[in-house]
Amino acid sequence: MGIKKVGLNRNVRPQTLAEKIFFLDFMKGLKTTIKHLFRKVITVDFPYEVVEPTPRFRGVHGLRNVDGTEKDDFDAWVKKLKIKPPEKGETRCIACKFCQAACPVPDIFEIKAKKLDVPKDHPHYGLKVLDVFNMDLGKCMFCGLCTLACPTICIIHTDIYDLSTYSRRGWVLDKEKLSKIADDFIARRGSEKYDEKSEWPDYQRLWNEADLARAKAWENNPPKLGPNYADQT
Ligand code: SF4
Ligand code: SF4
């Protein structure tokens, strides 16, 4: 059965004979294309070209290591969570799971600490170290809530936005990979993002009043340990 002609579409003017012979519609389109050829290009040819996002960009996460720029209350948090005091170059993560508690998709995280296997007379007896920290970024919406909840400014966003991978497993990053990502980011752009106390420099705050209000609220009502914290104590 062929196509049946039911009438003319009155909203569209049929091409005139001259338009058909001289391809006038085609020429009009070509004129627009040629005009744009000489305009400034505002897109990039990814992956051959890349852009550098602003320091506040919320890209792939990283886990920061101890580097001497921790906040004043870092030692207090380490003590409170019974974590072995980390040396320089070891992770800042104290396995408090605040990041997981703040995350709208808690399944993203797998965080476990383990008790050190040392004799009773060892100074680190009864203390723990971070054992597992996995993040499945395939489920992440890059909202940044985890980074705001972290008391040690360990979990951060970096400027990495290329998440392409050949399998879903490629989106699961372990603590070694996350530490490497953070080290690389801090080496490249740390001075742009953080001051010496790992706080946002004032000129980079978007919502200064909101930041101050939140700091005040947290001061009066400090966060409680994460919902799954009991399983590791
Ligand atoms: S950025 Fe948002 S969704 Fe992603 S891990 Fe952090 S809190 Fe969860
Ligand atoms: S909130 Fe920070 S310190 Fe606590 S578990 Fe998450 S990354 Fe580690």
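Residues numbered from 1 in each chain as written. Chains lettered and ligands numbered in written order. Predicted model: local features only at pLDDT ≥ 70, side-chain atom pairs only at ≥ 80, totals over all residues. Heavy atoms only, no water.

Caption draft 1: Local environment of the site of ligand 2. With respect to spatial proximity, the complete set of residues near ligand 2 consists of C93, I94, A95, C96, K97, F98, C99, F133, C150, P151, T152 and I155. Of the residues assigned to the shell around ligand 2, the class counts are 10 nonpolar, one polar and one charged. (Near = heavy atom within 4 Å. Nonpolar A, V, L, I, M, F, W, Y, C, P; charged D, E, K, R; others polar.)

Caption draft 2: Structural detail: a nonpolar patch on the surface. A cluster of nonpolar side chains, namely L17, I21, F22, F23, L24, F26, M27, L30, I34, L37 and F38, defines an oily patch on the protein surface of about 1200 Å² accessible area. Of all elements in the fold, only α1 (17-22) and α2 (24-37) reach the threshold of two or more residues within the nonpolar patch. Considering each element in turn, the nonpolar patch owes the most residues, six residues, to α2. You can see I21 is positioned in helix α1. (Patch = residues over 30% accessible without salt bridge, like charges linked within 9 Å, V, L, I, M, F, W, Y side chains within 5 Å. Areas by Shrake-Rupley, 256 points an atom, 1.4 Å probe, with all protein chains shown as cover. Salt bridge = Lys/Arg side-chain N within 4 Å of Asp/Glu carboxyl O. Helix = DSSP H or I, 4+ residues; strand = E, 2+ residues; numbered from the N terminus.)

Caption draft 3: Structural context of the packing of aromatic side chains. Counted under the stated rule, the structure contains four aromatic pairs. Judged by centre distance (5.9 Å) and plane angle (50°), the ring pair of F46 and Y161 falls under tilted. Within this pair, whereas F46 is found in the loop between α2 and β1 (61-63), its partner Y161 is found in the loop between β4 (155-157) and β5 (172-173), the two being separated by 115 residues in sequence. Classification of Y161 by relative accessible area gives partly exposed; the value is 30%. On the basis of an interplanar angle of 90° and a centroid distance of 5.6 Å, the ring pair of W77 and F98 is categorised as edge-to-face. With W77 in helix α3 (residues 74-80) and F98 in helix α4 (residues 98-102), this pair connects stretches of sequence that are 21 residues apart. Using a relative accessible area of 13% as the deciding quantity, one classes W77 as buried. A network of ring pairs unites the aromatic residues F46, F57 and Y161 as a single cluster. (Phe/Tyr/Trp six-rings, centres within 6.5 Å; stacked < 30°, edge-to-face > 60°. Buried < 20%, exposed > 50% of the residue type's maximum accessible area, 1.4 Å probe, protein only.)

Caption draft 4: Representation of the site of ligand 1. Surrounding ligand 1, one finds 14 residues, the nearest of these being C103, C140, C143, G144 and C146. Residues that form the shell around ligand 1 fall into these classes: 11 nonpolar, three polar and no charged.

Caption draft 5: Region of the structure containing the nonpolar core. In terms of nonpolar packing, the biggest core is built from 23 residues, with C99, F109, I111, F133, M135 and I155 touching the most fellow members. Those elements that provide at least two residues to this core are β2 (109-115), β3 (128-136) and α6 (175-193). Residues W77, V78, L81 and I83 belong to the second largest nonpolar core, which totals 10 residues. (Core = buried A, V, L, I, M, F, W, Y, C linked by side-chain atoms within 4.5 Å.)

Caption draft 6: Local environment of the sheet that holds β5. Spatially, β2-β3-β5 is the arrangement adopted by the three strands of the open sheet, whose pairing is antiparallel. The sheet terminates laterally at β2 and β5, the two strands that pair on one side only. Direction of pairing for β3 relative to β5: antiparallel, over a ladder of two bridges. The residue bridging D136 from the neighbouring strand is V172, located in β5. Strand contacts of α6: β3 and β5, with the helix running at about 80° to β3, the strand carrying the most contacts. (Pairing = 2+ DSSP bridges. Contact = heavy atoms within 4.5 Å. Axes fitted to C-alpha atoms, helices over the stretch in contact; angles between N-to-C directions.)

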